[in-house]
Structure formats: structure tokens, C-alpha cells
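# Survey of secondary and tertiary structure
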Amino acid sequence: MRHVAFIINPHSAKKNYQPFLNELQEKIDHPIYYISDSIEGTNRFIKEHFNSVEIFVAVGGDGTISSVAQHLIHTDKKLAIYPGGSGNGFANETNFGKNLDQLLAKIKKNKFQEIDTVTVNGRLSINVSGVGFDSKVVKEFEKTTRGFLNYIKVSLAVFFRYQPVHLSFPEEQFTKYNGHYLMLNIANTRQFGNHAYIAPNADKTDGLAEAVLVKKFPFTYGLLFAYRMFTKRLKEDRYVSFVSTSAMNVNADTEDWHLDGEYHAIPSPVNIKVVPASLKVII
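Residues numbered from 1 in each chain as written. Predicted model: local features only at pLDDT ≥ 70, side-chain atom pairs only at ≥ 80, totals over all residues. Heavy atoms only, no water.

## A short note on the side chain of Thr75
Looking at the element boundaries, Thr75 is found in the loop between α3 (62-69) and β4 (78-83). At 3.1 Å, the side chain of Thr75 forms a polar contact with the backbone nitrogen of Lys77. Those residues in contact with Thr75, other than ones at most four positions away along the chain, are Phe50 and Lys280. (Helix = DSSP H or I, 4+ residues; strand = E, 2+ residues; numbered from the N terminus. Polar contact = N/O pair within 3.5 Å; in protein donor to acceptor, adjacent residues only side chain to side chain. Contact = heavy atoms within 4.5 Å.)

What follows is the structure, given as C-alpha cells:
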């Protein structure tokens, strides 16, 4: 498989990438791979192999996938995934699991789907990005040991002290949504990760993103909110609103954003734009 290259994030999956690498070397003679030590190193590796490689495989979480995908937008190169993150939302939504044989079979077939991506002030988002509560959770979560239970602990700790973010939308069709919110998420796919479906009707091939506006709710409602998320039943009510759009501008009184689960400081105004059919993903 000389036309395939693997980019491995050694910090994903609790830094336990060696079993994957051992299996890869057993099943492929002299695989092309890179154990990433930095974003700059990943960028350099992809550029060095861009002309000779057809499929780039991201081994890690949504942040790793996004850092690889940014080089493949609007090209004939294809993305494949071996999930190794905490939530693996994008991998779940594109039907990649932790089975190397199945991954290699997909690569051999070389069939692909063109999906949408999103830009947030020009920065790439492939899965779900947002501002508010979940951005603060991501910021705090990055200070801890990764893992779903730690994510829940951090989320609960942040929830009780978090003050809603004020959002304003300059376009006339969105001004009715001006106000204070727990969070705003821009969903290209349906889920954050760990099968928590923040936008159950999102479609990564329809040229639209789902803007999910969530007002601060009482803790008792939080149990219903979580149940609906994990059962794909989240719907509009007095706390939740959905807006399907190909573009949106927003002003927020915080710079705390997350892009695909990675913290970013992004000052307002923020321009959100869907880039249709811009990324080829192996199916």
C-alpha cells in the first residue's frame, strides 16, 4: 500500500498507540507512517508525501483528523480514519471503527464520499464546533487526563458556575435569536462524540450546518437533555433551538471556542460558512 500514509497522534488513546503500530507493521510491509510530534511536523510530513500518497489515514481523535483534513480540502486526496480519541465523533459519523482489517479493506476498495466542511473565521471544522459552556469544558478538560468519565466530571463542575454567553446575530433573519445562551454549537455532523447527538438531523452532505442554540437550564432538565442527546431525540423546546444555515455571523462576549473538540481563542465577529462537498472520505 505505497499510496497510503498513516499519521499517528501518540497522545491519543491514553498514549497507547503501540499496539496499533505493531498490528499495522504485521499486516503491511514497510508501511508509510509518521508519529506526530507537533502540528508543524504533521504538516511537513503531508507536504513531503502529498504527490505520492492517495489516501491519508488519521490515527487519533477529531483534532488529529482535522489537522490532516485541512490539507485535503478541494484536492483529489482522500481521508481515512482509525479512531483513537476520547469521543471519536467524526469517526463514528463516517463509520470508522477500531478494526484494522476493516479499515484496510475499505482502503483497498478505494470508494469515497464527498462531504461538507465548515469554516469558523477561516479555520476548519469537520465535525462540531461551538462557543459557550462546551468550549469552557474543553478548555478545562485539556488540563486533565483524557477519558469519558473525566469529561463528565469537568462538565458538571463547569455547569454549576458557568455564566451564559451573550450572542448577537447581525443578519436580519437571525436577530430573533439574540440573547444569553449556555452554548451555541455549529454541527456539520450529528454528534459531539461518545454518541451524544447534539444535532440529530444534521447531514454532512446537504450543504448546510445545524446551529444549535441552548439556553441555560435547571439541573433537573439536564437529565432530560442528556437522555435526549444519547437517544438521538434532542428537539426544540423552550431551551433548545435549531437553525439550518449555509452561513452565519455571530458576535459573542467571549473568545472561548472549540473547533472539533480542540480549544481556540477566536475574537468576534465570527463568520461561519459551510464549504459544500469539499472533503473526500473513504467509505
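Now that the structure has been shown, the text picks up again.
## Brief notes about helix α7 (residues 148-161)
With 14 residues, α7 extends 21 Å between its outermost C-alpha atoms, agreeing within 8% with the 20 Å of an ideal straight helix rising 1.5 Å per residue. Among the residues of α7, Val154, Ser155, Val158 and Phe159 are the ones counted as buried. All buried residues of α7 project into a common sector of 135 degrees when viewed along the axis, lining one side. Of the residues in α7, the exposed ones pointing more than 90 degrees away from the buried face are Leu149, Lys153 and Phe160. (Expected span 1.5 Å × (residues − 1). Buried < 20%, exposed > 50% of the residue type's maximum accessible area, 1.4 Å probe, protein only. Arc of directions from axis to C-beta.)

## Notes on unusual backbone geometry
Excluding glycine, residues mostly have negative phi values, and the peptide bonds linking residues are mostly trans. Along the chain, Ser268 connects to Pro269 via a cis peptide bond; the corresponding omega equals 0 degrees. You will see that Asn110, though not glycine, has its phi angle at about 60 degrees, which is positive. Among the structural elements, Asn110 can be located in the loop between α5 (100-109) and β5 (112-120).

## Focus: the sheet that holds strand β13 (residues 209-214)
In spatial order, the strands read β14-β13-β10-β7-β16-β17; together these six strands make up an open sheet with antiparallel pairing. The outermost strands of the open sheet, each flanked by one partner alone, are β14 (240-245) and β17 (262-265). Averaged over all pairs of adjacent strands, the angle between their axes in this sheet comes to 20 degrees, without regard to strand direction. For strand β7 (residues 128-132) and strand β16 (residues 256-259), the ladder comprises three bridges, and the chain directions are antiparallel. (Pairing = 2+ DSSP bridges. Axes fitted to C-alpha atoms, helices over the stretch in contact; angles between N-to-C directions.)

## Structural notes on a nonpolar patch on the surface
The grouping of Phe148, Leu149, Ile152, Leu156, Phe160, Phe219, Leu223 and Phe230 at the surface amounts to a nonpolar patch, some 810 Å² of accessible area in total. Contributions of two or more residues to the nonpolar patch are made by α7 and α8 (219-230). If one sorts the elements of the nonpolar patch by residue count, α7 sits on top with five residues. The topology assignment puts Leu149 in helix α7. What makes Leu149 exposed here is its relative accessible area of 65%. (Patch = residues over 30% accessible without salt bridge, like charges linked within 9 Å, V, L, I, M, F, W, Y side chains within 5 Å. Areas by Shrake-Rupley, 256 points an atom, 1.4 Å probe, with all protein chains shown as cover. Salt bridge = Lys/Arg side-chain N within 4 Å of Asp/Glu carboxyl O.)

## Comments concerning the pairing of β4
Buried residues dominate β4, accounting for six of its six residues. Here β4 shows two buried faces, one formed by Lys78, Ala80 and Tyr82 and the other by Leu79, Ile81 and Pro83. Looking at chain direction, strand β3 (residues 55-60) and β4 are connected through six bridges and run parallel. Bridged to Ala58 within β4 is Ile81. For the crossover that starts at β3, traverses α3 and ends in the parallel β4, the hand is right-handed. The sheet contact formed by β4 and strand β18 (residues 270-282) spans two bridges and is parallel. From the neighbouring strand, Lys78 faces β18, where its bridge partner is Lys280. (Right-handed = clockwise from strand over helix to strand, strands pointing away.)

## Quick notes on the pairing of strand β2 (residues 32-35)
Judged by which residues are buried, β2 turns out to be one-sided: Ile32 and Tyr34 face inward and are buried, whereas Tyr33 and Ile35, on the alternate face, are not. Judged from the four bridges that link them, strand β1 (residues 4-8) and β2 form a sheet pairing that is parallel. Within the sheet, the bridge partner assigned to Ile8 lies in β2 and is Ile35.

## Re the packing of aromatic side chains
Taken as a whole and judged by the stated rule, the model has twelve aromatic pairs. Pairing Phe217 with Phe225 gives two aromatic rings, centres 5.1 Å apart and planes at 35 degrees, and the pair type is tilted. By relative accessible area, Phe217 is classed as buried at 8%. Here Tyr221 and Phe225 contribute two aromatic rings whose centre-to-centre distance is 6.4 Å and whose plane-to-plane angle is 40 degrees, an arrangement assigned as tilted. Highlighted residues: Tyr221 and Phe225, both in helix α8, separated by four residues, approximately one helical turn. (Phe/Tyr/Trp six-rings, centres within 6.5 Å; stacked < 30°, edge-to-face > 60°.)

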